[in-house]
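Observations on the model geometry
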Amino acid sequence: MKFVNPIIPGFAPDPSVVFVEGTFFLVNSSFHIFPGLPIYASKDLNTWTQIGNAINRTNQLNLDQANIDGFPLGPRKTLIAAQGLLAPSIRSHKGIFYVICTNSRSDGKNLHMKNFFVSTEDIWSDEWSDPIWFDFQGIDPSLFFDDDDRAYIQGSWRAGPVYDPQCTIRQFEIDIKTGIPLSETKEIWKGFAQKQDAEGPHIYKKDGFYYLIAAEAGTFEHHMITVARSSSIWGPYESYEKNPILCAFEKQVEVQHTGHGDIFQDGNGGWWAVALGVRNRDGRYPLGRETFLIPVSWPEGGWPTIEHPTLAFERESPTRSTDVEISVPQKQVKNVFIRNPDLSHYDFSMDGTIQIQATSNDLSVPTGTASFVGQRQKSLSSIAAVTLRIPIADTSTNMKAGLAMYKEDFRHCEIYCDLGTSKICSTIVNKLKGKPVNVEHDLKVVGKIDLQIKCTPESYELMYKADVGGEWLLMGQVSTLDMAAYDFTGPLLGIFATTSSGGQSSCTVTFENFQVL
């Protein structure tokens with residue numbers, strides 16, 4: 001069977017997988033985006049369908065303070081670190097699915113971390129519990145259920161500031177019904193390199209050993225997966241002499257930055273891994289960190305061997321069934337918003353029109369939300385398009401509405417209509433490069449206007465068409481190199497509306513036929 005990577009393209013980092021009753025379920029990080037923690041399902045590991053989001057109610061938790069940090073990593077390198085929902089793990093035990101995660105915010109020096117898990121007995125229903133919170137001074141929690149049903153949490157304990165986290169892997173036993181710890185929190189591994197950067201732990205029990213994997217060396221060029229094992233869940237853990245078991249550094253391959261993964265077994269006994277990586281083409285990886293599927297060899301009594309991910313490979317199918325289709329959910333699960341949205345500001349009609357109530361926050365707001373709804377960019381060559389209905393010009397509203405590519409408040413670009421003046425405008429924002437770049441065309445528009453963002457591996461082209469059957473006119477262009485960086489997120493394509501009139505209910509705009517192709 002031929003497999004094609006990435007299996008989850010576009011803004012899909014930190015994957016975790018569980019296999020239950022013939023179906024694989026996968027979760028990714030989502031950071032400051034709502035709904036959070038997207039859930040995907042597959043029967044054959046090749047075709048994946050998003051079936052929901054583990055955080056899908058605004059009252060489950062608060063993302064309003066999920067901010068973005070920017071600080072230097074070295075000469076000419078700046079890390080853009082998004083906060084929010086970091087590095088989830090998905091597990092199943094006795095008919096209940098669990099997703100465990102961290103909700104973080106930063107004050108510029110210290111990371112403030114709240115750890116939790118949610119659960120459901122019916123993962124297809126997209127009905128997840130309210131969070132059960134537990135105390136842990138760290139990120140990247142994972143759950144392990146032992147043969148005696150005792151539950152343990154492993155995580156990346158942070159002893160230092162946001163720019164020097166000083167991480168080691170620590171563990172404690174937990175009451176899975178209440179979140180109450182049943183043991184002290186104990187350090188179980190410093191990592192293979194012992195450089196105080198061990199993250200993303202998972203534990204597996206096999207052949208009488210507890211195997212512990214971790215992600216080390218950050219999440220960029222030196223990123224890696226390492227492994228250790230012990231005859232006791234509490235250690236001591238023996239580091240594998242051939243560590244790391246996955247690392248792209250100094251390899252002349254397209255898939256780079258590989259790490260932060262999870263290992264799992266299919267119904268035929270075959271072993272697999274998922275890991276994050278980027279498709280680096282001439283220094284460009286505009287879709288950010290994505291999820292890659294990798295074959296694993298794990299002999300009895302031995303250590304796991306993870307192949308380096310490729311864009312395509314052949315392997316025996318993980319299922320003997322010919323029925324591999326996953327039903328598409330009836331509810332919309334792909335639409336995303338910025339942090340905790342006020343959903344009363346959005347009206348989705350059956351005919352495809354979307355009404356958005358403008359607010360005073362624009363896309364550069366560092367906390368809180370803005371009036372924006374979009375979808376993840378899933379293809380390197382993609383087109384986002386929409387038709388904007390133009391209301392009668394009203395200079396009192398100073399309302400702007402249009403189409404945007406958004407990563408976070410540090411970086412976004414948009415093409416829009418200034419509804420107070422009927423001008424067509426574009427704005428390119430990159431806070432690392434100085435002031436926004438604004439362009440406007442003095443074109444009086446009435447009725448409707450078509451807007452489009454054409455995405456290629458090299459650029460984003462901001463375009464408009466004022467006449468039916470007319471030509472697309474280029475308004476602005478930005479290189480994907482200017483929108484990609486040492487970062488955690490990926491591009492979203494969506495529609496937005498903003499006003500300086502205080503977000504009154506009269507400041508509503510209508511969009512038709514929004515689509516991301």
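This text goes with the structure placed above it.
Parameters at a glance
- Residues numbered from 1 in each chain as written.
- Predicted model: local features only at pLDDT ≥ 70, side-chain atom pairs only at ≥ 80, totals over all residues.
- Heavy atoms only, no water.
- Helix = DSSP H or I, 4+ residues; strand = E, 2+ residues; numbered from the N terminus.
- Rg over C-alpha atoms; globule rule 2.2 N^0.38 Å.
- Buried < 20%, exposed > 50% of the residue type's maximum accessible area, 1.4 Å probe, protein only.
- Contact = heavy atoms within 4.5 Å.
- Areas by Shrake-Rupley, 256 points an atom, 1.4 Å probe, with all protein chains shown as cover.
- Lys, Arg positive; Asp, Glu negative; His and termini not counted.
- Charge placed at Lys NZ, Arg CZ, Asp CG, Glu CD.
- Polar contact = N/O pair within 3.5 Å; in protein donor to acceptor, adjacent residues only side chain to side chain.
- Pairing = 2+ DSSP bridges.
- Axes fitted to C-alpha atoms, helices over the stretch in contact; angles between N-to-C directions.
- Phe/Tyr/Trp six-rings, centres within 6.5 Å; stacked < 30°, edge-to-face > 60°.
- Lys NZ or Arg CZ within 6 Å of the ring centre and 35° of its normal.
- Salt bridge = Lys/Arg side-chain N within 4 Å of Asp/Glu carboxyl O.

Attention shifts here to the overall build of the chain. Within the chain, the secondary structure is distributed over 1 helix and 41 strands. A compact globule built from 517 residues would reach a C-alpha radius of gyration of about 24 Å, and the chain, at 23 Å, matches this within 12%. Along the three orthogonal principal directions, the C-alpha set of the chain runs to about 75 × 45 × 45 Å. Classification of the 517 residues of the chain by burial places 60% in the buried group. Look at the contacts in the chain between residues 6 or more apart in sequence, and 58% of them connect residues 24 or more apart. Of the roughly 20800 Å² of accessible surface on the chain, a fraction of 48% belongs to carbon and sulfur atoms. Where the 45 positive side-chain charges of the chain centre and where its 60 negative ones centre are 3 Å apart.

Turning our attention to the side chain of His202. In this fold, His202 is placed in strand β17 (residues 199–206). Accessibility expressed as a relative area gives 2% for His202, which makes it buried. Polar side-chain contacts of His202 include one of 2.8 Å to the side chain of Ser142. A distance of 3.4 Å separates the side chain of His202 from the backbone oxygen of Gly261, its partner in a polar contact.

Once that is clear, we can look at the sheet that holds strand β30 (residues 372–376). Read from one edge of the open sheet, 6 strands run β30-β40-β32-β33-β34-β35, paired in antiparallel fashion. Among the strands making up the open sheet, the edge pair consists of β30 and β35 (437–441). Neighbour-to-neighbour, the strand axes of this sheet turn through a mean angle of 15°, independent of strand direction. Relative to strand β33 (residues 411–418), strand β32 (residues 400–408) runs antiparallel, the two sharing 8 bridges. Of the residues in β33, the one forming a bridge with Ala401 is Cys417.

The next thing to look at is the side chain of Thr258. By the secondary structure assignment, Thr258 is in strand β22 (residues 255–265). We classify Thr258 as buried; its relative accessible area is 1%. Only 3.4 Å separates the side chain of Thr258 from the backbone nitrogen of Ala248, close enough to count as a polar contact.

A few words on the sheet that holds strand β8 (residues 77–82). Ordered by their spatial adjacency, 3 strands build an open sheet running β7-β8-β39, and the pairing between neighbours is mixed. Edge positions in the sheet fall to β7 (68–74) and β39 (486–487), since each has one partner strand and no second.

With that settled, the discussion passes to the packing of aromatic side chains. Scanning the model with the defined rule gives 26 aromatic pairs in all. Summarising the aromatic geometry, the rings of Tyr211 and Trp303 are spaced 5.9 Å apart at their centres and angled 90° between planes, so their arrangement reads as edge-to-face. Taken together, the positions of Tyr211 in strand β18 (residues 209–216) and Trp303 in the loop between β24 (290–297) and β25 (305–306) put the pair 92 residues apart, joining distant regions of the chain. Each of the two residues, Tyr211 as well as Trp303, counts as buried. Taken together, Tyr98, Phe117, Phe134, Phe136, Phe145, Trp157 and Phe172 form an aromatic cluster joined through their ring pairs. When the ring centre of Trp272 is taken as origin, the NZ or CZ atom of Arg315, which lies over that ring, is 4.1 Å away. Above the plane of the ring of Phe11 lies Arg376, whose end atom (NZ or CZ) is 5.3 Å from the centre.

In this section: the environment of Ala484. Considering the arrangement of structural elements, one finds Ala484 in the loop between α1 (480–483) and β39. Sequence separation of Ala484 and His260 is 224 residues, and the distance between their C-alpha atoms is 20 Å. The contacts of Ala484, once residues within four sequence positions are left out, are Tyr285, Lys407 and Arg411.

It is worth spelling out the pattern of salt bridges at this point. Evaluated as defined, the whole model comprises 22 salt bridges. We note a salt bridge from Asp409 to Arg339, for which the minimum N-O separation is 3.6 Å. In this pair, Asp409 is assigned in the loop between β32 and β33 and Arg339 in the loop between β27 (337–338) and β28 (346–348), connecting sequence segments 70 residues apart. For Lys431, the salt bridge identified is with Asp409, shortest N-O distance 2.9 Å. Remark: Asp409 occurs in the loop between β32 and β33 and Lys431 occurs in the loop between β34 (423–430) and β35; sequence separation between them is 22 residues.

Let us now look at unusual backbone geometry. Going from Phe34 to Pro35, the amide bond is cis rather than trans, its omega being -5°. With respect to the helices and strands, the residue Pro35 is situated in the loop between β4 (33–34) and β5 (36–42). The amide bond that connects Gly235 to the next residue, Pro236, takes the cis arrangement and shows omega of 5°. Locating Pro236 in the fold gives a position in the loop between β19 (224–230) and β20 (238–239). Although it is not a glycine, Phe11 sits at a positive phi angle of roughly 50°. Along the chain, the position of Phe11 falls in the loop between β1 (2–4) and β2 (16–20). The phi angle at Glu21 is positive, at roughly 50°, despite the residue not being glycine. Along the chain, the position of Glu21 falls in the loop between β2 and β3 (23–27).

Our focus in this paragraph is the pairing of strand β10 (residues 96–106). Consecutive side chains along a regular strand alternate between the two faces of the sheet. Counted residue by residue, β10 has 9 buried out of 11 residues, so it is predominantly covered. As paired strands, strand β9 (residues 84–93) and β10 are joined by 8 bridges and run antiparallel to one another. What sits directly across from His93, in β10, is Ile96. Counting the residues in the hairpin turn of β9 and β10 gives 2 residues, including Lys94, whose phi is positive at 50°. Bridge count for β10 against strand β11 (residues 111–120) is 10 bridges, and the pairing is antiparallel. In the strand pairing of β11, Val99 is matched with Val118. Hairpin geometry of β10 and β11 is characterised by an intervening segment of 4 residues between the two adjacent antiparallel strands and by a positive phi of about 95° at Gly108.

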